[in-house]
Amino acid sequence: MKAVVVGGGLAGITAAIALAQAGADVTLLEAKPRLGGATMSFTRDDLVIDTGQHVFLRCCTAYRGLLDRLGMGAHAPLQPRFDVTVVSPQRRARLKRGRVPAPLHMLPALLRYPFLSYPERSRLSLAALAFRRLKLADPATDEQRLGDWLESRGQDERTRRVLWDLFFISTLNVPGDDGSLALAGKVAQTGLLGDADAADIGVPALSLGELHGAAAERLLGKLGATVRLNTKVAAIEAKGPNEFAVQIGRTEEGEDILSADTVVLAVPHEAAARLIARGALPAETVDGWAGLGAAPIVNVHVIYDRKVMDLPFAAAVDSPVQWVFDRTRISGMHARGDDGQYLAISLSAADEYVDVPAAALREQFVPALAELFPAAREATVTEFFVTRERRATFRQVPGTARLRPQAATDLPGLVLAGSWTDTGWPDTMEGAVRSGLSAVIALHEQVDNEDAVSQLNADMNTVDSVREVRS
């Protein structure tokens, strides 16, 4: 079987590996000069810079399975127990799960959380119990706005800003109150209220370029797949059942046409709407996902002449800073002879920052870091720069569940992949990997390959989780 995978992000990488392992003749096409999609790296002044700071949780079983297949599992360690330091200009707090079974594992930390009053803390159980009862598959759940639902469950403005926003802004990439209740409920049920260890945080110990792109290119080479970078697809045409022509944009030799039995279209939703072959899906379906919108993430990079933060990462409240990470070792900063510290601020739902000049962001965020970490007040900023992901995720607001398509299309052999498809998860690395597996499952089911489907089910961790993704 000749398979062409269009798009070299996590979804495309996952699909290409699964197809190659199943014996297909795979060609992976990526428009950029490297694999990884939104999770890639570049160099700047001898530093390795990730396009954005990404973390994962222990419950992200499909993503962790991909890391294992890439031979990178050891380079993405998980905390022994969920443990987050929350800082503000006035104080610090520590959210650490206890050694008791779920759903009580977070209760001791929440009851001591100093950023909330005792009455506010006592009302947290109202929302937690309500989250556990949510029916995520009910279309009406996705139509509800998270902030309105939380407020009706006793969560006042202060509680939403200094607690719930810590979890939901970074996963939904929209202002906390504006998120889809169904997607927030998925985060709460799976990560916060599921198994006691589900929310343990994993932070890559290598650059994303090494962890994903370079490792994927090596593995695909070993599997006999062809990887073509700097290769932009212009069109996909269906010639017949399981017969496709993939048109590459103009090259020095002219246009290039690849013939394929199957095509996995694993590009962002707007690009997929332009490339989808005629007859694959009704126009209203394509128009629906094309309207999912986009939400930005901005990363503010600050390098000091000395160490100013004594934590690997921290969350912030009562500050424009959301999450801040120590990137010193991963960036190779000390290898270039610099003894300072490199901090990266990750700003999700960053509409208010995405067009702000770097100089203005420096005026805001350097003092903000000094308020959170007193040692920064005496330190000198030696470098400051900003990276912007203008279309980091789709806009995960109410009403989007009905717009996200399934993997299979009406054309046998053509499937969709991407974290914007109907994975049942937010637009995250886990969602991207699940979408790639779901796309290959759909292809194998078309040819009734039960062995391959069973193996892919195992890669999703359980058969039930696959059914959930595709329900």
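Residues numbered from 1 in each chain as written. Predicted model: local features only at pLDDT ≥ 70, side-chain atom pairs only at ≥ 80, totals over all residues. Heavy atoms only, no water.

1. Focus: the overall build of the protein chain
Piece 1. If you tally the helices and strands in the protein chain, you get 17 helices and 19 strands.
Piece 2. Considered along the principal axes of its C-alpha atoms, the protein chain spans approximately 65 × 55 × 35 Å.
Piece 3. Out of the 471 residues in the protein chain, the part that is buried amounts to 57%.
Piece 4. When contacts within the protein chain are restricted to residue pairs at least 6 apart in sequence, long-range pairs at least 24 apart make up 68% of them.
Piece 5. With an accessible surface of roughly 19500 Å², the protein chain has 50% of that area assigned to carbon and sulfur atoms.
Piece 6. Side chains of the protein chain give 50 positive and 58 negative charges; the mean places of these two sets differ by 5 Å. (Helix = DSSP H or I, 4+ residues; strand = E, 2+ residues; numbered from the N terminus. Buried < 20%, exposed > 50% of the residue type's maximum accessible area, 1.4 Å probe, protein only. Contact = heavy atoms within 4.5 Å. Areas by Shrake-Rupley, 256 points an atom, 1.4 Å probe, with all protein chains shown as cover. Lys, Arg positive; Asp, Glu negative; His and termini not counted. Charge placed at Lys NZ, Arg CZ, Asp CG, Glu CD.)

2. Focus on the nonpolar core
Piece 1. Core analysis: the biggest nonpolar cluster contains 47 residues, and Leu19, Val26, Tyr63, Leu70 and Val264 have the highest contact counts within it.
Piece 2. Contributing elements (two or more residues each) for this core: β1 (2-6), α1 (10-21), β2 (25-29), α2 (61-69), α10 (208-222) and α15 (429-446).
Piece 3. With nine residues, α1 is the largest single contributor of residues to this core.
Piece 4. Within the second largest apolar cluster, 41 residues are counted, among which are Val86, Leu166, Phe168 and Val174. (Core = buried A, V, L, I, M, F, W, Y, C linked by side-chain atoms within 4.5 Å.)

3. Focus on the packing of α1 against α2
Piece 1. Running from amino to carboxyl end, α1 crosses α2 at an angle of 60°, the nearest separation of the two axes being 11 Å. By the angle between their directions, the pair α1 and α2 is classed as oblique. The way α1 lies across α2 gives a crossing that is left-handed. Between α1, through Leu10, Ile13, Thr14, Ile17 and Gln21, and α2, the contact on the second element is made entirely by Tyr63, Leu66 and Arg69.
Piece 2. Considering only residue class, the contact of α1 with α2 consists of five nonpolar, two polar and one charged. (Axes fitted to C-alpha atoms, helices over the stretch in contact; angles between N-to-C directions. Parallel < 35°, antiparallel > 145°, perpendicular 65-115°, else oblique. Left-handed = near helix turned anticlockwise from the far one by under 90°. Nonpolar A, V, L, I, M, F, W, Y, C, P; charged D, E, K, R; others polar.)

4. A look at the sheet that holds strand β19 (residues 414-416)
Piece 1. The strand order β9-β2-β1-β13-β19 describes an open sheet built from five strands, whose pairing is parallel. Among the strands making up the open sheet, the edge pair consists of β9 (226-228) and β19. Averaged over all neighbouring strand pairs, the angle between strand axes comes to 15°, with direction disregarded.
Piece 2. Pairing geometry for β1 and β2, over five bridges, is parallel. Opposite Val5, over in β2, you have Leu28 as the bridge partner. (Pairing = 2+ DSSP bridges.)

5. Some words on the sheet that holds strand β17 (residues 341-347)
Piece 1. The strand order β7-β6-β15-β16-β17-β14-β18 describes an open sheet built from seven strands, whose pairing is mixed. The outermost strands of the open sheet, each flanked by one partner alone, are β7 (92-96) and β18 (381-393). Strand-to-strand twist across the sheet, computed as the mean angle between neighbouring axes with direction ignored, equals 25°.
Piece 2. Pairing between strand β14 (residues 295-304) and β18: nine bridges, direction antiparallel. From the neighbouring strand, Ala295 faces β18, where its bridge partner is Thr393.
Piece 3. Against the sheet, helix α14 (residues 358-372) makes contact with β6 (83-87), β14, β15 (313-316), β16 (323-326), β17 and β18, and its axis sits at roughly 110° relative to β18, the strand it touches most.

6. Some points on a nonpolar patch on the surface
Piece 1. A contiguous nonpolar surface patch, about 330 Å² in accessible area, is contributed by Val100, Leu104, Leu107 and Leu111.
Piece 2. Looking at the secondary structure, you find Leu111 in helix α3 (residues 107-111).
Piece 3. On the basis of relative accessible area, Leu111 is assigned to the partly exposed category, the value being 43%. (Patch = residues over 30% accessible without salt bridge, like charges linked within 9 Å, V, L, I, M, F, W, Y side chains within 5 Å. Salt bridge = Lys/Arg side-chain N within 4 Å of Asp/Glu carboxyl O.)

7. Quick word on the environment of Ala277
Piece 1. Counting through the fold element by element, Ala277 comes out in the loop between α11 (269-275) and α12 (283-290).
Piece 2. The buried category is assigned to Ala277, whose relative accessible area is 4%.
Piece 3. Residues Ala277 and Gly154, 123 residues apart in the sequence, show an inter-C-alpha distance of 49 Å.
Piece 4. Setting aside chain neighbours within four positions, we find Ala277 in contact with Ile236, Ala238, Leu411 and Leu414.

8. Examining unusual backbone geometry
Piece 1. A cis geometry characterises the amide bond from Ala102 onward to Pro103, with omega recorded as 5°.
Piece 2. Assignment of secondary structure puts Pro103 in the loop between β7 and α3.
Piece 3. Residues other than glycine seldom take positive phi values, yet Asp45 does so here, at roughly 50°.
Piece 4. Within the element layout of this structure, Asp45 appears in the loop between β3 (41-44) and β4 (47-50).
Piece 5. At Asn230, a residue that is not glycine, the phi angle is positive and equals roughly 50°.
Piece 6. Residue position: Asn230 is located in the loop between β9 and β10 (233-240).
Piece 7. According to the relative accessible area criterion, Asn230 is exposed, its value standing at 56%.

9. Describing the environment of His444
Piece 1. With respect to the element layout, His444 can be found in helix α15.
Piece 2. Linking His444 and Ala22, residues 422 residues apart in sequence, is a C-alpha distance of 9.6 Å.

10. Digging into the pattern of salt bridges
Piece 1. By the definition in use, this model includes 27 salt bridges.
Piece 2. Two residues, Glu157 and Arg161, come together in a salt bridge whose shortest N-O distance is 2.8 Å. In this pair, Glu157 and Arg161 both sit in helix α8 (residues 157-172), four residues apart, roughly one turn of the helix.
Piece 3. Classification of Glu157 by relative accessible area gives partly exposed; the value is 45%.
Piece 4. A salt bridge links Arg158 to Asp318, with the nearest nitrogen and oxygen atoms 2.7 Å apart. Of the two residues, Arg158 sits in helix α8 while Asp318 sits in the loop between β15 and β16, which places them 160 residues apart along the sequence.
Piece 5. The exposure class assigned to Arg158 is partly exposed, which follows from its relative accessible area of 32%.
Piece 6. On the basis of relative accessible area, Asp318 is assigned to the partly exposed category, the value being 39%.
Piece 7. What emerges from the salt-bridge pattern is a single network uniting Arg44, Asp45, Arg336, Asp338 and Glu383.

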